[in-house]
Structure formats: structure tokens, C-alpha cells
Amino acid sequence: MSRRTDHFPVLALALLQGRWTRNALRKRARDLLGPRSKTRANRLVDEILAVHRLPYTPGWRTLTKIVAGASALHGLSDATIERVASTPGRQHPPRFEPIAPLQPASAPTLATTADLATWLEIPIDHLDWFADERRTLDREQDKALSHYAYHWRLKRSGAWRLIEAPKPRMMAVQRRILKDILNRLAPHEAAHGFVAGRSCVTAAAKHAGEHVVVTVDLRDFFLSAPVGRVHAIFRCLGYPHAVARALTGLCSTSTPRHVAAEHFDHEAQRRHATRHLPQGAPTSPALSNLAALGLDRRLAGLANRFGARYTRYADDLTFSGDSPFCARVPGLLKAVADIARDEGFALNAAKTRIMPRHQRQSVTGIVVNDHINFARDDFYRLKAALTNCVRHGPASQNRDAHPDFRAHLDGRITWVERLNLRRGEKLRRLFDAIAW
């Protein structure tokens, strides 16, 4: 084969001039390689699509590298190389081009980063800073230059959770992206968290009255959602590479090292230094659901093969089924772990629970043995607290120093009413008798 390589960029550029489908690519490859090169052209396209499996066009430089490594081009004649290298090439300006299934979403047409900045109503020179294009903010010491405020929360396990809350200007940008772009996309029907019209109650109701309920926990859900998949979401919506990269940057972050070092060990610091969806950003729930679309599809299919039901509420995976399903649970759990790992997620094995019907079955804190219900011991504790509020005054029961204890109790009673109206009414009568 000739040592010349100037035909690779030309060939890649020519392949990008049209629809990104197998048949369209094969036709363009045959036109370039010659009428007698049908088999070679088909092999080339098959190799390209094996590397770039996503349904949107890759960048020109990326495709050039793929083409340069394709075995289908080994042994090209010098005449073919000369013809390809001399083919007039013209790189079209960036185009907003959604893939066919997402065309009905009608996302805002943004072909360039200038279009994006105008749409977000921010100066173009501020866009790079907000999106952290240079990936430098994880090393920034000045809090004034950070787009996030950082808050630590202690989990029940004793470990620390970092809340990365966007500051007002970043919050406004992310809310615009959520409202006008992300909310146009529907997550999988098994996803019940952060979805309008669905909740932990609708998720739990799917598993009420089953013989066995199995719950599995995803470890560090927002932190684990692959950012490359977030970029792919924006690319599939039709945004060119530069715009998709900026949108991804606006919705993700790298935690400053001095912040992560406050409570995290070395491994947690490393993971937070990697680009991730911040827990606290309005865009993160929607993007995590969309990034988990492949996971949900595969787990729903797996559950169907095992004769089970499947739902996901944020990082809580739940499966349930009849008596024969009980014997299949070990095989299911192994397959779930394999699928989660393949999709870029990991399971928290310590939180896996298998709950047969003779014991309390709980999904997202809701009892589901016969129907959705409030846990009995929690009900009696709340009833006792309300009774003591009536007898001794509400201050005697506000042991956690809630700033608005009345609203706190009202919210808890409303939750009970949603799950068990009869019990909720008993608590409501006690609440109404408190002398505030």
C-alpha cells in the first residue's frame, strides 16, 4: 500500500456529506473508491459503524482516524489513492440535524456556539467560562470564580454526600436547558423518579401484592452517569459537536480538589474530579434518566424474560414477581450486575434486599405487601409524637430543631394520607388539636 495518507481526510470529509445511514454511506464510499470497489466500500462502512455505533455523525477528525485504521483500505492501488486525494472536498458549515426518532422533539435550532450563547442570553466570551471548556475550574481556589456552592450532608450510613448547587446565573442557564430541551425527551416508562406524573408511590404500586420483591441500589447515580452519554444525547438531538460539547459542559462539572479533600478519601476525590452530573443542578435528574435509558431498556427486557416487573426510582431498582420467580432471583441479580456494569453503572451490593411475602416488603420506603401503605411502626411513632404535642406542647417533640415544626408535621401527615387515608385522618385530628 502507498505510504501517502492525504486521501484519509478527503475520504472522511466526503463520507460526512450526507445522511449517516449504512446504505447512504456505502453509496458515497463506492462513488469515491470506484465502481469495482463495492465489497471494499461495504467493508469500510461496516468497520466505521462498528467503531462509531452512535446514530449521529462523528466529527471530521474522529472519522479521519477511524478511516485511517480501517483494514478495508489496505491494498488500495496508487491510482485509487490519487483519485480520492484529488477529489474536491468542501466542509459544510455546522448544521442542526436531529436523528429521525428525535425530530418530533422540536428542540431549539442551534447550529453554532454563537447561536447557543444568543439563545441563553449570555455573551459569547462567557460561554466558555460557564461550560469550563478548558477544564480548569477543578483547580480553581477562588470561590468567586466557581459556578457552584458546595454543601456537605451526612448520610445515614455516616458517609458524606456533596451537594453542588449552581449559583444564580448558572442556575438560570440550566433551567433554560431543562425547560426547552431536556423536558422534550421522554425517559423509559420504567423510570419513576424526576418524571412528571410519576413518583415513588407509582413505582411502589407496580410491586404491590407480589410473592417476592427484590431491590437493588445503584452506587453514586449522578456521579456514575457517563458524561459521554450526556454528550451523545445532545448530539442525537441534532446539535453539532461544538454545541453539544458546550451544552454538556453547562450541565456537568468537576469538583475543585480542595473541596473534595474536606471529607472524601482519595478514590472519591478522583471520581469527583472527573466530569460528572452535579447533585443539586436542575438538569441532573433529567439527564441521569436519559443517560440510563439503555439500562432501563435492558433491565425491563431482562425482567420480562424472568417473568418479573421492573421499575427504577432514581438509583433504586426494583423487581418483583410470583412464586416461580423467587427461584430465579440469583440468576437475575447476576445479570443485573453485568448489565449495570456494561452500561457504565455499578451496584451497591450491600443494599440488595430480597423480600418474600411473609416479611415486610418495602419499596422506596413504602410497604407493598398487599397494597401501598405507610409502615406500621412509623405510623405509631408519629401518632405518639402528635399525642405528646397535644398534651405537652409541640416544642417538647421538636428534638431535631426544625425551623418550622408545624410545616414538618403537616408534610409527614400529608404523606401518610396519600398512602393510607384512614390512618392519615386519625393523625390529622390529632394535629388539629395541637395548640400552636
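Novice: Mind showing me how you'd approach the side chain of Thr-387 here?
Specialist: Structurally, Thr-387 can be placed in helix α18 (residues 376-392). Here Thr-387 falls in the buried class, since its relative accessible area comes to 19%. At a separation of 2.8 Å, a polar atom in the side chain of Thr-387 contacts the main-chain carbonyl oxygen of Lys-383.

Novice: Help me understand a positive patch on the surface in this model?
Specialist: The grouping of Lys-383, Arg-422, Lys-426 and Arg-429 at the surface amounts to a positive patch. Tallying contributions element by element places helix α20 (residues 421-432) first for the positive patch, with three residues. By the secondary structure assignment, Lys-426 is in helix α20. A residue is classified by how much of its surface remains accessible, and Lys-426, at 37% relative accessible area, is partly exposed.

Novice: In this structure, what is going on with the pairing of strand β2 (residues 160-166)? I would like to understand it.
Specialist: Within a regular strand, side chains alternate between the sheet's two faces. Across seven bridges, the pairing between strand β1 (residues 148-154) and β2 is antiparallel. Paired with Ala-149 across the two strands is Ala-165, which belongs to β2.

Novice: What should I look at first to understand the packing of helix α1 (residues 7-15) against helix α5 (residues 78-85) in this one?
Specialist: A pair of packed helices can be characterised by two numbers: the angle between their axes and the separation between those axes. Taken N-terminus to C-terminus, the directions of α1 and α5 make an angle of 60°; their axes are 8 Å apart at the nearest point. With respect to each other, α1 and α5 are oriented oblique. The handedness of the crossing between α1 and α5 comes out as left-handed. Mapping the contact onto sequence places His-7, Val-10 and Leu-11 in α1 and Ile-81, Val-84 and Ala-85 in α5. Classifying every residue of the contact of α1 with α5 gives five nonpolar, one polar and no charged.

Novice: I keep staring at the nonpolar core and nothing clicks. Help me out?
Specialist: Soluble globular proteins: nonpolar side chains tend toward being buried together. Counting 62 residues, the largest nonpolar core has Leu-116, Ile-177, Phe-234, Tyr-239 and Phe-319 as the members making the most contacts within it. Top contributing element to this core by residue count: helix α17 (residues 323-342), with seven residues. Leave out the neighbours within four places in its chain, and Tyr-239 touches Phe-96, Ala-107, Pro-108, Leu-110, Ile-181, Phe-234, Ala-244 and Leu-247.

Novice: Honestly, the packing of aromatic side chains in this entry has me stumped. Any pointers?
Specialist: Aromatic ring pairs are described here by two measures, namely the spacing of the ring centres and the angle between the planes. Evaluated as defined, the whole model comprises 10 aromatic pairs. Each ring, one from Trp-152 and one from Trp-160, has its centre 6.3 Å from the other, and the planes form 85°; the classification is edge-to-face. Their ring planes at 55° and their centres at 5.7 Å tell us that Phe-431 and Trp-436 sit as a pair that is tilted. Judged by relative accessible area, which is 6%, Phe-431 ranks as buried.

Novice: Got a minute to help me understand the packing of helix α8 (residues 168-180) against helix α12 (residues 241-251) in this structure?
Specialist: Two elements in contact, α8 and α12, have axes whose closest approach is 10 Å; the angle formed by their N-to-C orientations is 125°. Between α8 and α12, the interaxial angle falls into the category oblique. Crossing geometry of α8 relative to α12 is assigned as left-handed. Taken together, the residues of α12 that come into contact with α8 (itself represented by Met-170, Val-173, Gln-174 and Ile-177) are Leu-247, Leu-250 and Cys-251. In terms of residue class, the contact of α8 with α12 is made up of six nonpolar, one polar and no charged.

Novice: Looking at this structure, I do not really get the pairing of strand β3 (residues 212-217). What am I missing?
Specialist: Burial analysis of β3 places six of its six residues in the buried class, which makes it a mostly covered element. For β3 and strand β5 (residues 316-321), the ladder comprises six bridges, and the chain directions are antiparallel. Directly across from Val-216, in β5, lies its bridge partner Leu-317. Summarising the sheet, β3 and strand β6 (residues 353-356) pair through four bridges and their orientation is antiparallel. Across the sheet, residue Val-214 finds its bridge partner in β6, namely Ile-354.

So, how was this worked out
Residues numbered from 1 in each chain as written. Predicted model: local features only at pLDDT ≥ 70, side-chain atom pairs only at ≥ 80, totals over all residues. Heavy atoms only, no water. Helix = DSSP H or I, 4+ residues; strand = E, 2+ residues; numbered from the N terminus. Buried < 20%, exposed > 50% of the residue type's maximum accessible area, 1.4 Å probe, protein only. Polar contact = N/O pair within 3.5 Å; in protein donor to acceptor, adjacent residues only side chain to side chain. Patch = residues over 30% accessible without salt bridge, like charges linked within 9 Å, V, L, I, M, F, W, Y side chains within 5 Å. Areas by Shrake-Rupley, 256 points an atom, 1.4 Å probe, with all protein chains shown as cover. Salt bridge = Lys/Arg side-chain N within 4 Å of Asp/Glu carboxyl O. Lys, Arg positive; Asp, Glu negative; His and termini not counted. Charge placed at Lys NZ, Arg CZ, Asp CG, Glu CD. Pairing = 2+ DSSP bridges. Axes fitted to C-alpha atoms, helices over the stretch in contact; angles between N-to-C directions. Parallel < 35°, antiparallel > 145°, perpendicular 65-115°, else oblique. Left-handed = near helix turned anticlockwise from the far one by under 90°. Contact = heavy atoms within 4.5 Å. Nonpolar A, V, L, I, M, F, W, Y, C, P; charged D, E, K, R; others polar. Core = buried A, V, L, I, M, F, W, Y, C linked by side-chain atoms within 4.5 Å. Phe/Tyr/Trp six-rings, centres within 6.5 Å; stacked < 30°, edge-to-face > 60°.

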